[in-house]
Amino acid sequence: MAVAASARPVSRGRRVLYRSRVLLRNPTVLLGLVLSAALLYLVIAPLVSVVSDAGRVQYGDEARSGQGAGSWTSYYLWRVFRSPVSRLLFWEPLLHTLTVAVGVIAFALAVGGSMAWLVTRTNVPGRTFLAGALVVPYMLPSWTFALAWLSLFKNERSGGQVGYLQGAGMHTPDWLAYGPVPIIVTLGLHYYPFVLLLFGNALRRIDSQLEDSARILGAGGRTVLRRITLPLMLPALSSAVLLVLGRVLGTFGTPYILGLPSDYNVLSTSLYHAIRDRSTGVASTIASVIVLIGVLVVLVDTRLVREQRKFVTVGGKGAMDRRGDLRRWRWPAFGLAMAVFAASVVIPVLTLLLSTITKTPGVFSPGNFTLRYWFGSDIEGAVGFPHGVLRGGELWEAAWNSVRIVGLAALVCGFAGLLIGYVVVRGAGSRVSAFLRQVSFLPYLVPGIAFAAACLSLFAVRRGPVPALYGTITLLVLVMVVTHLPYSSRSGISAMMQLGREPEEAAQISGARWPTRMVRIIIPIQRGALVTGVVLPFISGLKELSIVIMLTTSGTQLLTTLSIGLVDYGYTQLANGVVLVIALLSFTMTYLAQRLTKSSLASGIGG
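Along each chain, numbering runs from 1 in the same order as the chain's sequence is written. Two thresholds apply to this predicted model, a pLDDT of at least 70 for residue-level local features and 80 or more for giving and counting side-chain atom pairs, whereas whole-chain, interface and lining totals are computed over all residues. Note that the side-chain values use all heavy atoms of the structure and ignore hydrogens as well as water.

### Brief notes about the overall build of the chain
Here's step 1: For the chain, the helix and strand inventory stands at 27 helices and zero strands.
Here's step 2: Burial classes: relative accessible area under 20% of the type maximum marks a residue as buried, over 50% as exposed, and values in between as partly exposed (1.4 Å probe, protein chains only). Going through the 607 residues of the chain one by one, you find that 49% of them count as buried.
Here's step 3: Looking at the chain alone, contacts between residues at least 24 apart form 74% of all its contacts between residues at least 6 apart. Helix and strand definitions here come from DSSP, where helices need a minimum of 4 consecutive H or I residues and strands a minimum of 2 consecutive E residues; each element is numbered from the N-terminal end. Should any heavy atoms of two residues lie within 4.5 Å, those residues are counted as being in contact.

Structure follows, in structure tokens:
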């Protein structure tokens, strides 16, 4: 009887070699660990650093705090919240922020809600055109409206050339030229497309048979609105309110331009002034508060989204999307919608354009028109920028920096989002997958200017083997990648959830290694998601200001920071010219992206 030979013990080296080959064949775990480490350093570490700086004595504050540099302290909490200057540092800007937020939300709801109803629930003429035209304001930089407002209403208080109304002999009061009123109106014009898209999509999903049934049972129009339509619109309403609130919390350009002449500070501008004054501890404390408010806003929004199931209606093929007949009010309604489009797009753009081709505002004689602000070689009084916008090298250098920095960030963001989606879906159920899903979305919770302050806190000095990155292109690319990662990662996760394992497994059986499978199978199949993950961050990055305003230097000037710099110098026409270039680039790239992806921002509301 033969005795079976005992199996030889496998050596440790063979086991390591075998596991290495398995990882090379299917490196999901290894890739997930690498991505997790990168996100820990680029997302979590900056937030930890800014909170740490708020609790440690900074160099130069030893005498005021009575403690040594680097020691734990509550001095900055006292200075921001309880000191004699706390009203100027925090409480007044907080009140101004809340005032602006409430005003912008009310304005955006009124304009966006009414336009959504006209486009989706009525037979107003030109519905398809209006659906596309009314979302154009969001394609423009937010401070486009602020500069246009100054060109119209600026008075002599802030120096430099006055606006068109003042130039025509009409005195504009300070409350109309600067402060909360113009900030609310201009931000409302920029953010009402959010409400339009959310409300329009929600209104299209409501089955009109529910409203018809209520009317048949004797309910009047107000009762139908109060008992049927508004309850079904509550999820969209809450999302619109919280989304606009989160955006207003982190916006910088408009409050800076329209609030600075009247010393009307909000939290974002107060944070900027603290950093500019090198008050690192105070800036870190304010940034931490902004981060906390932003996180609370999104958590509330998430909780309300979970409650949406209470408002779900049974639709399907039997659902009806009936449009009301405006009868004789059709054309007046169309005129109202066109007036909104004119106020939010046509008038601001034409105002900026007109300011760049006239010497004196409000004077339209032939001799007052000029092209020197575009092509002039010597502009009198403009010492810091003595030539036309297109004449010198500053615009082209800033444009080149914008394209290469934003372009590189968009490419990295797109591929990183696809890889995160790959790991999250292929490793579903693992801790690495859950960690990547949550942390890749975390930057969305943090207002842009606060995250920029956090990154400045981490990368301004050398930390271990990582050198100081402030003033480098690397820092700008990293910050733009991280801040736009929530969009590209969600695009990658959604795309990978629709792709089964079979194509990749077939290639693996045929002997294809993981890099080959990614290049030959995954990326070609997910080309659409990859394009979306690259194009959207690129378009958003071109008009980004809040994130980069504190991170750029003279050698890394972008188009957005160049325009704000010209505003600081008081060169209104030159600043308006740069903003028009940004608007043209943004609109062109948005149009090309929609053609490339065969999609439209207005598709959800019938555009």
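There is more to say, and it comes next.
### Brief notes about the nonpolar core
Here's step 1: Core analysis: the biggest nonpolar cluster contains 162 residues, and Val100, Leu134, Trp143 and Leu574 have the highest contact counts within it.
Here's step 2: Here the element with the most residues in this core is helix α18 (residues 394-426); it accounts for 15 residues.
Here's step 3: Those residues in contact with valine 100, other than ones at most four positions away along the chain, are Ile183, Ile184, Leu187, Val248, Tyr264 and Val266. What we call a nonpolar core is a set of buried Ala, Val, Leu, Ile, Met, Phe, Trp, Tyr and Cys residues that are connected through their side-chain atoms within 4.5 Å.

### Brief notes about helix α16 (residues 330-355)
Helical periodicity: at 3.6 residues per turn, an α-helix aligns residues three or four positions apart in one direction.
Here's step 1: In this analysis, the expected span of each helix is defined as 1.5 Å times one less than the number of residues it contains. Between its first and last C-alpha atoms α16 spans 35 Å; for 26 residues at 1.5 Å apiece the expected length is 38 Å, and the two agree.
Here's step 2: Bend at a residue means the angle formed by two fitted axes: the first through the 7 residues ending at that position, the second through the 7 residues beginning there. The largest bend in α16 comes to about 45°, at alanine 342.
Here's step 3: All of the buried residues along α16 are Ala333, Ala337, Val340, Phe341, Ser344, Val345, Pro348, Thr351, Leu352 and Ser355.

### Here's the deal with the layout of surface pockets
Over the atoms rolls a probe the size of a water molecule, and its path tells where empty space is left.
Here's step 1: Using a 1 Å grid laid over the protein atoms alone, points where a 1.4 Å probe fits but cannot get out form a cavity; open sets with protein on both sides within 12 Å along at least 5 of 7 lines form a pocket; any residue with an atom within 4 Å of a point counts as lining. Grid points are joined across faces, edges and corners, and a volume is the space filled by probe spheres set on the points. Roughly 950 Å³ of volume is contained in the second largest pocket.
Here's step 2: Taken together, 32 residues line the second largest pocket, and the ones lying closest to its centre are Gln58, Thr280, Leu456, Ser457 and Ala460.
Here's step 3: Contributing elements (two or more residues each) for the lining of the second largest pocket: α2 (28-55), α14 (267-276), α15 (280-306) and α21 (448-459).
Here's step 4: Residue composition of the lining of the second largest pocket, grouped by class: 15 nonpolar, ten polar and seven charged. Each residue is assigned to one of three groups, with Ala, Val, Leu, Ile, Met, Phe, Trp, Tyr, Cys and Pro labelled nonpolar, Asp, Glu, Lys and Arg labelled charged, and all others, Gly among them, labelled polar.

### Digging into the packing of aromatic side chains
Here's step 1: Under the pairing criterion, centres of Phe, Tyr and Trp rings, with the six-membered ring standing for Trp, must be within 6.5 Å; the plane angle then separates stacked pairs below 30 degrees from edge-to-face pairs above 60, leaving the rest tilted. Applying the stated criterion across every chain, the model contains 19 aromatic pairs.
Here's step 2: An aromatic cluster of three or more residues is present, and its members are Tyr75, Tyr76 and Trp78.
Here's step 3: For a lysine, the NZ atom is tested; for an arginine, the CZ atom; a charge sits over a ring if that atom is within 6 Å of the ring centre and within 35 degrees of the ring normal. The aromatic ring of tyrosine 138 is capped on one face by lysine 543, whose charged end is 4.4 Å from the ring centroid.

### A few points about the environment of isoleucine 105
Here's step 1: Summarising the element assignment, isoleucine 105 is placed in helix α5 (residues 86-121).
Here's step 2: For isoleucine 105 and valine 195, which are 90 residues apart along the polypeptide, the C-alpha to C-alpha distance reads 9.2 Å.

### Observations concerning the confidence of the model for the chain
Note: predicted coordinates in regions of low pLDDT should not be interpreted at a detailed level.
Here's step 1: Per-residue confidence for the chain gives a mean pLDDT of 83; residues scoring 70 or more make up 88%.
Here's step 2: Across residues 314-320, confidence stays below pLDDT 50; counting only partners more than four residues off in sequence or on other chains, it has nine contacts. Scored from 0 to 100, pLDDT reflects the predictor's confidence in each residue.

### Points about the pattern of salt bridges
Here's step 1: We define a salt bridge as a contact between a side-chain nitrogen of Lys or Arg and a carboxyl oxygen of Asp or Glu at a distance within 4 Å. Under the definition given, this model contains four salt bridges.
Here's step 2: A salt bridge links glutamate 504 to arginine 426; the shortest N-O distance between them is 3.3 Å. With glutamate 504 in helix α23 (residues 502-509) and arginine 426 in helix α18, the pair connects residues that are 78 residues apart, well separated along the chain.
Here's step 3: For glutamate 504, a relative accessible area of 6% puts it in the buried group.
Here's step 4: Of the residues examined, arginine 426 reaches a relative accessible area of 10% and is grouped as buried.
Here's step 5: Between glutamate 504 and arginine 517 there is a salt bridge; the shortest N-O distance is 3.3 Å. Highlighted residues: glutamate 504 in helix α23 and arginine 517 in helix α24 (residues 514-525), separated in sequence by 13 residues.
Here's step 6: Each of Arg426, Glu504 and Arg517 takes part in a single network of salt bridges with overlapping partners.

### Some points on a nonpolar patch on the surface
Here's step 1: A contiguous nonpolar patch, built from Val346, Ile347, Leu350 and Leu353 and spanning about 320 Å² of accessible area, is present on the exposed surface.
Here's step 2: Relative to the helices and strands, leucine 353 resides in helix α16. Each patch is built from residues that are more than 30% exposed by relative accessible area and take part in no salt bridge. Like charges join if they lie within 9 Å; nonpolar side chains (Val, Leu, Ile, Met, Phe, Trp, Tyr) join within 5 Å. Surface accessibility follows the Shrake-Rupley procedure with a 1.4 Å probe radius. Residue values consider only the protein chains on display as shielding.

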